[in-house]
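Each chain is listed here by its residues.
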Amino acid sequence: MTSNRLEWRALQPDTDSLQPLFSQSFDDDTDSLAAVQPRLINALGLLQQSSAAFPLMLVKCAENPDYLPLLTSALQSLSVESEGVFGGQYTVSGQTVSWQPASSADEQFATVGEIHFADWIEPEQLFGCVRLNQHHIQLEPGLLHRINGGTLVLSLRGLLAQPLMWLRLKQIITRQRFDWLSPDETRPLPVSIPSMPMSFRLVLSGERDALADFQEMEPELASLCIYSEFEENLQIAEEEDISLWCRWTSQLAAELGLPPINADFWPVLMRESVRYTGDQETLPLCPAWLGRQLREAALYDDEQQQISGESLTAALEAREWREGYLSERIRDEILLDQILIETEGEAIGQINGLSVIEFPGHPRAFGEPSRISCVVHPGDGEFTDVERKAELGGNIHAKGMMIMQAYLIAELQLDQQLPFSASLVFEQSYSEVDGDSASLAELCALVSALASEPINQQIAVTGSVDQFGNVQPVGGLNEKIEGFFEICRQRNLSGKQGVIIPASNVRHLCLQQDVVNAVRDDQFHIWAVNSADEALPLLTGVEWDLENGPCLLRSIQERIAQIHLQDARQRPWPLRWLNWFNHS
C-alpha cells in the first residue's frame, strides 16, 4: 500500500530550490509585458504599422478595467511619434460652417495621433455634438476627434450593447470621413456642416463569447481583423520563465504604487498562484488577480516598508476566514451526524467519494465528502443509477456510470448475462449531481458489493475511469482533499486516513500547510493511482486479479457461478419428464 503513497514534498510546488532566484532584484526598467505576452505585442505592433483599408484588431481578454489601460500603454510604447498633424479647424460665421485642414496641433479639431481607451462610452462622448446657443452654433469634439490619426481601444461588450453606435463607427472607418449627424432623427441639423477626413486604428477587447457575437454580426470583417489574446497563464518550462513572471509582478506592484517586494513573498505568492491556476507548472498573468494579492498583502504590512510573505499569508488567511462561513456550516452538519460520513471501520458497498461545492453568489469553492452506496441482488444484469432515475444526475455523470459498467463487464469476460442487478446512489444528495469524477469511487463500491469485500472507510476516492480501467484526472483536487482532511482532523487523525487520487493529478496539487504537515508526520496519506486495479487493493486489502490466490475478480466470478448453479437446480422439470413420471 505504500508504493503509491505520495511524499509531502509532492503536495506543493518546489520553492526551496528557487530561493537564489527569489533573492534577486526584479525592479528593473525592462518592459516585462513584451516578455510574457510576445504574441500580443507582435499583433499590436503589426496594427501600428498596418496600412490595411480596415485597421481593426480583436483582443481576447477578460472584461476587466485593468486590461484597457494595459493595452493602451503597450500601444503607446510601440507607437512612433508622428510629425504630421491630423484633423483641422471649423470656422462658424453666422449660419455658415467651413472646414480648413490643420496647420498646428493647437486647433480645436487637430491632433497628432493620440492613443486613448474607453470602457463604456455614449454616442455624444464618442462622436461629439452640435450645440445651439441663442442661434449660435458650437461644435464639441468627441473622442474620435482626439484620436484622429491614432488608435482607439474600446470594450467590445460596451460597443455591442449599442449597435447603432457601432454601425456609425464602422462607416467612419470605412469611408475615412466624419459626418456630423443630428442626435434626433426627427430633427435635422439647422445648418450644413462639412465632413472632415478621419482615419484611425481600432482595438476591440472582450471575452470569447463577445468575440463570437461580433464574428456572427460581422463575419466578413472579423475574418480580416488582426487577432490576438492576452494569455492569462504562463507555462513554466525553465527557471527563466519564473524570473519573467516575477518581473511582471514587480512591474504591476510599481504601477500600483506599492512598496518593494521582499524575497520571502515569492514562495507564498507562487503557492497561491498554483492553487489559482490548478497546475504546478502554470502561473497566472492576470493583472487583476495579481493586483489583488499585492494590494491585500500591502494592507497587512504594518510598517509599509516591503510586501513580505508574512503579510501575504496573513491576507490569505483572513480572506479564507471571511469566506469560510458556508463551508463551516456544511462541515458541522457532518460532524453532528446530520450528514452521515464514515471515517472509521469497514463497510461492504459503501465508499467516501469527494466532490466540490460551488454555490452561486459564493466566491469560494470548497470540498465535501459524499457517501456513495451500492447494493446488489439477483437480477437481469441491470445497473440502476438512482440519481439518473430521479432526474438528479447530469449527462456527464450518466456517461461516467456507463463507462464504468462497460469496464467491469469486459473484465468479467462473461459468456452470458450478469445474474445480478445493482443500484448505485449518492446518499443524502438533494440537488443535481454531474461530472464523472466519482466514477472510480462508484466502480469500487460496485466491486465491493459484488465481491462481498468491505471497503476501508478511512479512505476517500476521486477520479474518473475509462473503458479500460485507466484512472483519469479530475478538477478541484485541492479542495476535495482538504474537505475530507478537515473532517478527519476534527474527528482526530488516526494515521491511516487518506485520499486516493489519479496519478495524472499530482502536478495539480498545492495543498494547505496543515495537510502537508499531516502527510509529513504520517498522520494522513495521499495515494496516486494509474488504474482501478491499483485503487481496489488500497481500499479492500485484496488484489483485483491474481493468477493464483484469492482476488476480487475471482470472488465475483465464483459468486456468479454459484448463482447460475442455484438457478439450474431450481429450474422446473421439462414437460416430457413430468409426463413420464405420471404414466409410471
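Since we're looking at a predicted model, the values are computed, not measured.

Conventions we followed
- Residues numbered from 1 in each chain as written.
- Predicted model: local features only at pLDDT ≥ 70, side-chain atom pairs only at ≥ 80, totals over all residues.
- Heavy atoms only, no water.
- Phe/Tyr/Trp six-rings, centres within 6.5 Å; stacked < 30°, edge-to-face > 60°.
- Buried < 20%, exposed > 50% of the residue type's maximum accessible area, 1.4 Å probe, protein only.
- Helix = DSSP H or I, 4+ residues; strand = E, 2+ residues; numbered from the N terminus.
- Lys NZ or Arg CZ within 6 Å of the ring centre and 35° of its normal.
- Pairing = 2+ DSSP bridges.
- Polar contact = N/O pair within 3.5 Å; in protein donor to acceptor, adjacent residues only side chain to side chain.
- Axes fitted to C-alpha atoms, helices over the stretch in contact; angles between N-to-C directions.
- Patch = residues over 30% accessible without salt bridge, like charges linked within 9 Å, V, L, I, M, F, W, Y side chains within 5 Å.
- Areas by Shrake-Rupley, 256 points an atom, 1.4 Å probe, with all protein chains shown as cover.
- Salt bridge = Lys/Arg side-chain N within 4 Å of Asp/Glu carboxyl O.
- Lys, Arg positive; Asp, Glu negative; His and termini not counted.
- Charge placed at Lys NZ, Arg CZ, Asp CG, Glu CD.
- Contact = heavy atoms within 4.5 Å.
- Core = buried A, V, L, I, M, F, W, Y, C linked by side-chain atoms within 4.5 Å.
- Disulfide = S-S within 2.5 Å.
- Parallel < 35°, antiparallel > 145°, perpendicular 65-115°, else oblique.
- Left-handed = near helix turned anticlockwise from the far one by under 90°.
- Nonpolar A, V, L, I, M, F, W, Y, C, P; charged D, E, K, R; others polar.
- Expected span 1.5 Å × (residues − 1).
- pLDDT = per-residue confidence, 0-100.

For the structure shown, the criterion picks out 14 aromatic pairs. For the ring pair F359 and F366, a centre distance of 6.3 Å and an interplane angle of 25° mean the geometry is stacked. Since its relative accessible area comes to 9%, F366 is described here as buried. Taking the centre distance of 5.2 Å and the plane angle of 85° together, the rings of F485 and F524 count as edge-to-face. Here F485, found in helix α19 (residues 477-490), pairs with F524, found in the loop between α20 (513-520) and β25 (525-529); they are 39 residues apart in sequence, far enough to count as distant. Both residues of the pair, F485 and F524, belong to the buried class. Taken together, the ring pairs in this structure connect Y90, W99, F109, F178 and W180 into an aromatic cluster. The ring of F127 has R168 lying over it, and the distance from NZ or CZ to the ring centre is 4.2 Å. Positioned above the aromatic ring of W8, the side-chain terminus of R520 is 5.5 Å from the ring centre.

It is worth spelling out the pairing of strand β19 (residues 420-426) at this point. Of all 7 residues in β19, 6 are buried; the element is thus mostly enclosed. As judged from the 7 bridges shared by strand β17 (residues 366-378) and β19, these two strands associate in the antiparallel manner. Paired with P378 across the strands is F420, a residue of β19.

Looking at the element boundaries, E482 is found in helix α19. Since its relative accessible area comes to 10%, E482 is described here as buried. For E482, the side chain forms a polar contact with the main-chain nitrogen of Q512, separated by 3.0 Å.

Quick look at the sheet that holds strand β4 (residues 109-111) now. Within a beta sheet, neighbouring strands are joined by backbone hydrogen bonds and run either parallel or antiparallel to one another. Pairing is antiparallel across the open sheet formed by 3 strands, whose spatial order is β3-β2-β4. The sheet is open, and its two borders are formed by β3 (96-101) and β4, each paired with just one other strand. Pairs of neighbouring strands in the sheet enclose a mean axial angle of 20°, with direction left out of account. Bridge count for strand β2 (residues 86-93) against β4 is 3 bridges, and the pairing is antiparallel.

On the surface, a cluster of negative charge is made up of D264, D302, E303 and E310. You can see D264 is positioned in the loop between α11 (239-255) and α12 (265-277). Relative accessible area serves as the criterion here: at 36%, D264 is assigned to the partly exposed category.

What follows deals with the side chain of N505. You can see N505 is positioned in the loop between β24 (498-502) and α20. Accessibility expressed as a relative area gives 0% for N505, which makes it buried. The contact partners of N505, leaving out residues within four places of it in the chain, are P473, V474 and L477.

This next bit is on the nonpolar core. Formed by 54 residues in total, the largest nonpolar core has its most connected members in M57, F230, W245, W248, F265 and W266. Among the elements that make up this core, the one with the highest residue count is α11 (7 residues). Apart from residues no more than four positions distant in its own chain, F265 is found in contact with L294, A297, I307, S308, G309 and L312. Counting residues in hydrophobic clusters, the runner-up holds 48 residues, among them V376, V471, V529 and C551.

Of all 9 residues that make up helix α21 (residues 532-540), 7 are buried, and the element is covered over most of its length. For α21, the set of buried residues is A532, A535, L536, P537, L538, L539 and T540. Positive backbone phi, at 80°, marks G541, one or two positions downstream of α21.

A word on the state of the cysteines. Inspection of every chain in the model, using the stated rule, returns 0 disulfides. Left without a disulfide partner, C225 is nearest to the cysteine sulfur of C61, which lies 15 Å away. The cysteine C246 is free of any disulfide, with C510 supplying the nearest cysteine sulfur at 15 Å.

Once that is clear, we can look at the pattern of salt bridges. Under the counting rule described, the total for this entry stands at 19 salt bridges. The salt bridge involving D521 is made with R520; its shortest N-O contact spans 4.0 Å. Residue D521 is classed as partly exposed on the basis of its relative accessible area of 47%. Salt bridges here are not isolated pairs; linked through shared partners, they connect R292, E296, R319, E323 and R364.

For the rest of this paragraph, the subject is the packing of α11 against helix α13 (residues 287-299). Geometrically, a packed helix pair is captured by the angle between its two axes and the distance between the axes. Packing of α11 against α13 leaves a shortest axis separation of 10 Å and a crossing angle of 70°. Considered as vectors, α11 and α13 are oriented roughly perpendicular to each other. Here α11 and α13 pass one another in a crossing that is right-handed. For the pair α11 and α13, the contacting residues are W245, W248, T249, L252 and A253 in the first and P287, L290 and L294 in the second. A per-class count over the contact of α11 with α13 returns 7 nonpolar, 1 polar and no charged.

In this section: the packing of α12 against helix α14 (residues 309-322). In contact at an axis separation of 7 Å, α12 and α14 are set at 30° when each is read in the N-to-C sense. Side by side, α12 and α14 meet where F265, V268, L269 and E272 of the first sit next to G309, L312, T313, L316 and R319 of the second. The class makeup of the residues in the contact of α12 with α14 is 5 nonpolar, 2 polar and 2 charged.

As a further point, take helix α17 (residues 395-412). Helix length check: α17, at 18 residues, gives a terminal C-alpha distance of 26 Å against a target of 26 Å (1.5 Å per residue), a fit within 8%. Buried within α17 we find H397, A398, G400, M401, M404, Q405, Y407, L408 and L412. Taken from the residues just after α17, Q413 is the one with a positive phi, measuring 50°.

Turning our eyes to something else, we now look at the confidence of the model for the protein. Overall, the prediction assigns the protein a mean pLDDT of 87, with 94% of residues at 70 or greater. Ranking the helices and strands of the protein by mean pLDDT puts β25 first, with 96, and helix α23 (residues 575-583) last, with 48.

With that settled, consider the sheet that holds β25. Pairing in this open sheet of 7 strands is mixed, and the strands run β18-β19-β17-β16-β21-β24-β25 from one edge to the other. The sheet is open, and its two borders are formed by β18 (383-385) and β25, each paired with just one other strand. Each adjacent strand pair in this sheet contributes to an overall mean axis angle of 30°, direction not counted. Relative to β25, β24 runs parallel, the two being bridged by 5 bridges. Counterpart to I501 in the pairing with β25 is A528.

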